[in-house]
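Chains, contacts and geometry: an overview
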Amino acid sequence: MSLTVSTIRKRSRLVLLWVALGVIAALPHTGVAQSTTGRIVGTVADAQNGEALPGANVVVAGTSIGAATLVDGTYTIPFAPAGPQILVVSYVGYVTDSLQVEVVAGETIEVDAVLGYQTLDGVTVTAQVAGQLGAINEQFNDATVKNVVSRARIQELPDNNAAESIGRLPGVAIQRSGGEANKVAIRGLSPEFNNVTVNGVRLPSTDGSDRSVDLSLVSSNILEGIEVRKAITPDMDADVIGGAIDLRLKSAPVGFEADVLAQGGYTSLQDDYGNYKFVATASDRLFNDRLGVIGTVNTDRYDRSADKLGVGYIDQDVTTDSTSVEIPTIRDLDLREETVTRSRVGGSILLDYRLPGGRLTANTFYNRLNDDALFRNYRPTDDGVSFNVEDRERATSLLTMSIGAEQALPWLEYDANLSYTQSRIDTPESLIWDFQQVGNAFENNLAGRVGLDPQGAFGTVTADSTAPLANVWVDATDLRDNQVTAELNLLRQYRIGPHLSGFVKAGTKLRWLDRTFDAERNGQQGIQFPGFWNSVAETCLADALGPEWDEALDLARAQSFLPISVFATDYGREDDFINGDYGLGIVPDVEMLTEFTRALQSEGCSSEYLRNSIGSIGQDYEGSERYRAGYLMARIDIGRYVTLIPGIRYEGERTEYTGQRFREIINALREGPPADLEELVVEREHEFWLPMVHLDIRPVDWLSVRLARTETISRPGFNQYAPITSIDGFGTAIQAANADLRPSEATNYDASVQVINDKLGLLGVSAFRKQIDGLVFPVRFPARLVVADGDSTLLGVPDGTNVPSAWLEGTTPDLFSFVNNESETTYWGVEFEWQTNFSYLPGALKGLVLNLNYTRSFSEAFYKVNILEQTFIPGSRPPRFDLSISDTTRTGRMPDQAAHVFNATIGYDFRGFSARLSYLFQSNTTSAIEPRETLLDTFVGDYARFDLSLRQKVRSGFEVFANLNNLNNREDRSFTGQVDGTSFSETYPSFRELYGLTADIGLRFRY
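Since we're looking at a predicted model, the values are computed, not measured.

So, on to the environment of Asp372. Mapping Asp372 onto the fold places it in strand E21 (residues 358-381). What makes Asp372 partly exposed here is its relative accessible area of 41%. Apart from the residues lying within four places of it in its own chain, the contact partners of Asp372 are Thr339, Val340, Thr341, Arg392 and Glu393.

Structural data, given as structure tokens:
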């Protein structure tokens, strides 16, 4: 019987499930061991405050039988020998306890333990020490490679958001917006290569183009812990090459608890004292502690303004001493002031109901980030000067809802979960105004600017107060990402003989993703031309505007344009904008511009307030993605010294996206409705089998050696393959997604050695290597149509770009798109980590807490460069040429890969006082690759900053605190100009961003 490809695929999806069920069923039935073993369950907590101790070791003395406590401090030992036993409970930094228990065959007994701090009697473990010990124990006692931010560390001296907390871990580099961390790169891989979950529920993308998540949406105060896995296991989503981040929400402890935080703050750049933050949490357990309820609400407001300088370069040929060299020469400047107020509101509710051996859970998490922003741009170029103003309101929201059940039955453990998540970016109205002055804005030409730095070039700029109002736009965008996920996991514990135990685990997951992007643009362009003022616009505006506009409209009638001088205002930031080194030129009054726009929107001007076709449909798309996954894995504990975790994961996907193809039409410098408009629908389907294995070797209690080989994938960004193809109105450039892109595949190797000791703390070193096949890169290809012997051939045009041959007739555009790299991209590096405290020292020194980590990483990528070559055909009359594409590559670093990342945190606790001084250093990263002109690659410069947190308990339950961020007033800088393919010269700065320092002071009450 013949089998179709579709049939083979369907059957292959079932293979894993049948194998998994067969393996689980074939294991020795638990009942066989019930005559000689019993089950021990319980919790391990701190003797002083009753807090759970995650990562504590609980072992039956004289055997290899035991378990480590989970995040909530619970543990389960399924095969404890029947009879009188001694249970040994240990936790680094605490006194080990031994408990005598009587294990009854076939029954479950509950044994709870409390541990006291290992120093003198009566000494209270300090806040920062507790946080550090929680992270150390949880991290060390896991068999896989991961890093942890513990509950105590988050609660005692919390960072402003989750990204700030994660940024202190080894191998993590933060990315910032307005000085606030919002995304993280793990081991040099950009944020879109990570996945983020909340209590195991996958968060949808909050980015308009890629799959990254804005972590600034999550306040640290609502979290119980953060886990970053560097090497995943088969029961986790495989589309992660960087790291898997799990944000754990608080759960309800026994008894009523309340936590209220209120703070106010200051931002130096705009001298703003209006920052504030409020967080309140309450929890309790009801019905004999069976039902737990915890709710959190949070709201904050911060000034996140920034001053920015952008510099554009062109590679200029300069001849010196008969030698021609290429030198980056300034082509344009972009002075940008961003006045941004960023506010959040959100909350979460978690319910859990205890079942025999398990629990039911339900949780909802919601956060909304509002940006109220005003952008002022002053852009001198070779073609003129533009003054741009944008008044924008944008809201980004995240919602997750999930219900789940988990339970340990006599012979099987299961957990099931159903979740719904949504992200939305809604910009209901952006008001945009453009003033354009035609003509070279600089006093000299390009040749005269060779060697000038940006400040020198700015000194030659002349701005004309007659620059006319050219465009008025009212934009709206709406991006929605909805996901529904259902998953089921089955786990079977086993024990074979005295030295072999573990579990077999299998599961399946289905995920449905629907995503839409819709943009609308309305307004008027070409207002600087007489045609606008000669039409009904002049009359309708006179009717819609008040008498105070009479003089301005008279001027417009006389000149047939409205100059910027009409809107000019004395803004007064010339002395302090970018430290007074630059200015914003002529600054128009936003209220007047808004009034002009409202008049244009009035009913009488309806014929002049028009829908812009390309701006309203050009980037719209909608799509669906359907994922299916299954896995089979095992944990094999060989005595107390070796743990092996082998497994395999299957992932399949089917996507369908709808976009469009069109040609831009420009008449008299005005954009008209698109030509060749055609709907594009593309479907893609891929399957992956991903084997993984972890090995944890512990020859002694204080040493762990971990090795891992995993295979993972990374799906392309939405903007890279949602089918949108367009050619500009001049026929010079084609912008096209590539619908044929496939997910990248990575083979990851990890090795980690960790040493743990009561005095040393945790000392670790980890090495990693990632080999990535098919990594997606941006490209710029010369697109050409070659006709020979009646056959037409497209050169430099990948099939998935949907470029029609008619677009290349008589034109020679460049194609800007994306391709899967044909060469392998490699990352490798090493991480060092030391966490310790000095509580064993006498006197004041016992309050010291130290956390240090350093990462050295490398990357090598091959960038594809296509160059058009013409070869003369001998004897041809008239002369004719053969066209061909020369396919070459060049090497370089990967974007966002920092060669050096160093974090140092020094904490100090004394009685009720706590202080933490943090230092962050990130060496330069590649920010943009210019495929053809290596000279124009851009690099983010070295970055270093200091943060300080202080706290003082003033009475029972009350404390005051202060947070000072960016103490050294560090700015972000970027540079242009390759030196050796991996580094740059600071001679050619391309970007500066200043956002100042922030200071917060507040009060907290805990009951």
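Let's pick the thread back up.
With respect to burial, strand E29 (residues 621-638) is a largely interior element, 13 of its 18 residues being buried. For strand E25 (residues 500-525) and E29, the ladder comprises 18 bridges, and the chain directions are antiparallel. Bridging across to E29, Gly507 finds its partner in Tyr631. Sheet topology places E29 next to strand E30 (residues 642-667); 15 bridges connect them, and they run antiparallel. Opposite Glu625, over in E30, you have Thr655 as the bridge partner. From the end of E29 to the start of E30, which pair antiparallel, there are three residues, and Gly639 there has a positive phi angle of about 60°.

It is worth spelling out the side chain of Ser386 at this point. Checked against the element boundaries, Ser386 lands in strand E22 (residues 384-408). Ser386 sits in the buried class, given a relative accessible area of 15%. Separated by 3.4 Å, the side chains of Ser386 and Asn388 make a polar contact. When near neighbours in sequence (up to four residues on either side) are disregarded, Ser386 contacts Asn377, Tyr378, Arg379 and Phe435.

Taken as a whole and judged by the stated rule, the model has 22 aromatic pairs. Where Tyr313 meets Tyr988, the ring centres are 6.0 Å apart and the plane angle is 85°; that geometry is what we call edge-to-face. In this pair, Tyr313 is assigned in strand E19 (residues 306-320) and Tyr988 in the loop between strand E50 (972-976) and strand E51 (989-994), connecting sequence segments 675 residues apart. Note on Tyr313: relative accessible area 6%, which makes it buried. A centroid spacing of 4.9 Å and a plane angle of 50° characterise the contact between Tyr650 and Trp689, whose relative ring orientation is tilted.

With that settled, consider the nonpolar core. Counting 51 residues, the largest nonpolar core has Leu335, Phe387, Trp433, Trp533, Leu541, Leu562 and Phe596 as its most contacted members. For this core, the element with the highest residue contribution is helix H10 (residues 590-601), accounting for five residues. If sequence neighbours within four positions are ignored, Leu562 has contacts with Phe435, Ala467, Pro468, Leu469, Trp533, Ala552, Ala556, Phe567 and Phe596. In terms of nonpolar packing, the next biggest core, distinct from the first, is built from 35 residues, Ile154, Ile166, Leu223 and Val228 among them.

What follows covers the sheet that holds strand E9 (residues 146-149). Spatial ordering of the open sheet is given by E9-E14-E15-E12-E13, a layout of five strands whose pairing is mixed. Among the strands making up the open sheet, the edge pair consists of E9 and strand E13 (201-202). As defined by bridge partners, E9 adjoins strand E14 (residues 223-229) across four bridges and the pair is classed as antiparallel. Its bridge partner lying in E14, Lys146 is registered against Arg229.

On to the state of the cysteines. In the structure shown here, the tally under the stated rule is one disulfide. Residue Cys540 pairs covalently with Cys605 via a disulfide, S to S 1.8 Å. Because the sign of the S-S torsion sets the handedness, a value of about 105° for the bond joining Cys540 and Cys605 places this disulfide among the right-handed ones. Here Cys605 lies in the loop between H10 and strand E28 (610-611) and Cys540 lies in helix H8 (residues 536-544), a separation of 65 residues in the sequence. Here Cys540 and Cys605 have matching classes, each one buried.

With that settled, consider the confidence of the model for the protein chain. Overall, the prediction assigns the protein chain a mean pLDDT of 86, with 90% of residues at 70 or greater. The spread of mean pLDDT over the elements of the protein chain runs between helix H2 (residues 30-33), the lowest at 44, and strand E32 (residues 703-714), the highest at 96. When the criterion is pLDDT under 50, residues 1-11 qualifies, and its contacts beyond four places in sequence or with other chains add up to five contacts. Residue range residues 29-33 is modelled with pLDDT below 50. Its contacts to residues more than four positions away, or to other chains, number seven contacts.

A cluster of acidic side chains, namely Glu548, Asp550, Glu591 and Glu595, defines a negative patch on the protein surface. Among the structural elements, Asp550 can be located in helix H9 (residues 550-559). By relative accessible area, Asp550 is classed as partly exposed at 41%.

The four strands lie next to each other as E3-E2-E5-E6, forming an open sheet whose pairing is antiparallel. If you trace the sheet from one side to the other, it starts and ends with strand E3 (66-68) and strand E6 (97-103), each paired once. Averaged over all adjacent pairs, the angle separating strand axes in this sheet is 20°, with direction ignored. Pairing of strand E5 (residues 83-90) with E6 involves seven bridges; the strand directions are antiparallel. Pairing of Ile86 across the sheet is with Gln100, part of E6.

Rules behind the numbers
- Residues numbered from 1 in each chain as written.
- Predicted model: local features only at pLDDT ≥ 70, side-chain atom pairs only at ≥ 80, totals over all residues.
- Heavy atoms only, no water.
- Helix = DSSP H or I, 4+ residues; strand = E, 2+ residues; numbered from the N terminus.
- Buried < 20%, exposed > 50% of the residue type's maximum accessible area, 1.4 Å probe, protein only.
- Contact = heavy atoms within 4.5 Å.
- Pairing = 2+ DSSP bridges.
- Polar contact = N/O pair within 3.5 Å; in protein donor to acceptor, adjacent residues only side chain to side chain.
- Phe/Tyr/Trp six-rings, centres within 6.5 Å; stacked < 30°, edge-to-face > 60°.
- Core = buried A, V, L, I, M, F, W, Y, C linked by side-chain atoms within 4.5 Å.
- Disulfide = S-S within 2.5 Å.
- pLDDT = per-residue confidence, 0-100.
- Patch = residues over 30% accessible without salt bridge, like charges linked within 9 Å, V, L, I, M, F, W, Y side chains within 5 Å.
- Areas by Shrake-Rupley, 256 points an atom, 1.4 Å probe, with all protein chains shown as cover.
- Salt bridge = Lys/Arg side-chain N within 4 Å of Asp/Glu carboxyl O.
- Lys, Arg positive; Asp, Glu negative; His and termini not counted.
- Charge placed at Lys NZ, Arg CZ, Asp CG, Glu CD.
- Axes fitted to C-alpha atoms, helices over the stretch in contact; angles between N-to-C directions.

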